[in-house]
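Take a look at the letters that make up each chain.
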Amino acid sequence: MISPYICYLKKYMMLKKITLFATAAILTCSASFAQTNNKLDLKKGQKYLVENKTSTQSTTEVQGQSMEVNIDATTSYQIEVTDSKDNLYNLTNTIKKVKMDLTQMGQQVNFDSDKKEDLDGPMGSTFKAYLGVPQKVTINNQGDVMTDTANTADKPATPLGDFESTGFGASMAFQTLPKDLKVGQTWKGSKTADGTITNTNYIVKAINGDLATLTLSGDMDIDKKMEQMGMEMTAKSKGKFTGEEVVNTKTGVI
């Protein structure tokens, strides 16, 4: 049974300019965690249902031509804590559902993994390798993805980017907080992973019991190499994002 912890993370990202030499992996979403004294407090056997909503607007330059891309996506994950040892948490994370609306070059593409006709279509083939398949992920007590023991090297890139670098979405479920949290408090966090540098500014908007509402804003710089159809590609992008999180102050669960 899923525990009553239902986690919601909403991020709104605006990529102002992208130089991209590969049509796949247009986006790479990366969570950012503040360096604080507090730690996550997860227990073996706990289960979480995570819903991640992302709205992205971008302008892509491919061989000198500009292309606008808008993506509204909702992804649901089921995370279970399987073990806790030496400040590390072992998790299994299962992507349960993906729903996406994509507009590119004046054409609109809709995808809903709950619809068989969508799952059997061209876009569905890129998600089948992930949907409903439990993935093993290890994070530290600050919420950073440490290792991914699943063999996923032969899985295709998806329109949502690289699932592996975020622990298949697990990193988006947790947020460490400063001690003695107060309304109006601010701090900054920075994270570098898989060719992506993310800088985030946090402000405590409200505190209600054990729940803290944070507003966040920041910038993301992507410079990474990837292989597609036997060719090495380089993806570079810079952009800004804003969003809001509601975090359990005792456990660090969003």
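About the cut-offs
- Residues numbered from 1 in each chain as written.
- Predicted model: local features only at pLDDT ≥ 70, side-chain atom pairs only at ≥ 80, totals over all residues.
- Heavy atoms only, no water.
- Helix = DSSP H or I, 4+ residues; strand = E, 2+ residues; numbered from the N terminus.
- Areas by Shrake-Rupley, 256 points an atom, 1.4 Å probe, with all protein chains shown as cover.
- Core = buried A, V, L, I, M, F, W, Y, C linked by side-chain atoms within 4.5 Å.
- Buried < 20%, exposed > 50% of the residue type's maximum accessible area, 1.4 Å probe, protein only.
- Phe/Tyr/Trp six-rings, centres within 6.5 Å; stacked < 30°, edge-to-face > 60°.
- Pairing = 2+ DSSP bridges.
- pLDDT = per-residue confidence, 0-100.
- Contact = heavy atoms within 4.5 Å.

What about the overall build of the chain?
Assigned secondary structure in the chain consists of 2 helices and 11 strands. N-terminal to C-terminal, the α/β element order of the chain is β-β-β-β-β-α-α-β-β-β-β-β-β. Here the chain has roughly 13,000 Å² of accessible surface; of this, 49% comes from carbon and sulfur atoms.

Quick notes on the nonpolar core
By size, the foremost hydrophobic cluster in this structure holds 29 residues, and its most contacted members are Leu 42, Leu 91, Ile 139 and Phe 174. At the level of elements, β2 (47-62), β3 (65-85), β4 (88-104) and β6 (135-140) are the ones that each hand at least two residues to this core. Top element by residues in this core is β3. It accounts for 7 residues.

Topic: the packing of aromatic side chains
According to the stated counting rule, one finds 3 aromatic pairs in the structure shown. Here the aromatic rings of Trp 187 and Tyr 202 are separated by 5.1 Å at their centres, their planes lie at 10°, and the arrangement is stacked. Placement of the pair is Trp 187 in strand β8 (residues 186-193) and Tyr 202 in strand β9 (residues 196-208), with a sequence separation of 15 residues. On the basis of relative accessible area, Trp 187 is assigned to the buried category, the value being 12%.

With respect to the pairing of strand β5 (residues 107-112)
When β4 meets β5, the two strands line up antiparallel, connected through 6 bridges. Residue Leu 102 lies in a different strand from β5, and its bridge partner there is Val 109. Linking two consecutive strands that pair antiparallel, namely β4 and β5, is a turn of 2 residues; a positive phi of about 55° is found at Met 105 within it.

Some remarks on the confidence of the model for the chain
On average, residues of the chain score 76 in pLDDT, and 74% of them reach the 70 mark or higher. Confidence scores differ between elements of the chain, with strand β1 (residues 6-20) showing the lowest mean pLDDT of 34 and β9 the highest of 93. For the stretch residues 1-36, pLDDT sits under 50, and the model shows 150 contacts to residues farther than four places along the chain or on other chains. Across residues 149-154, confidence stays below pLDDT 50; counting only partners more than four residues off in sequence or on other chains, it has 6 contacts.

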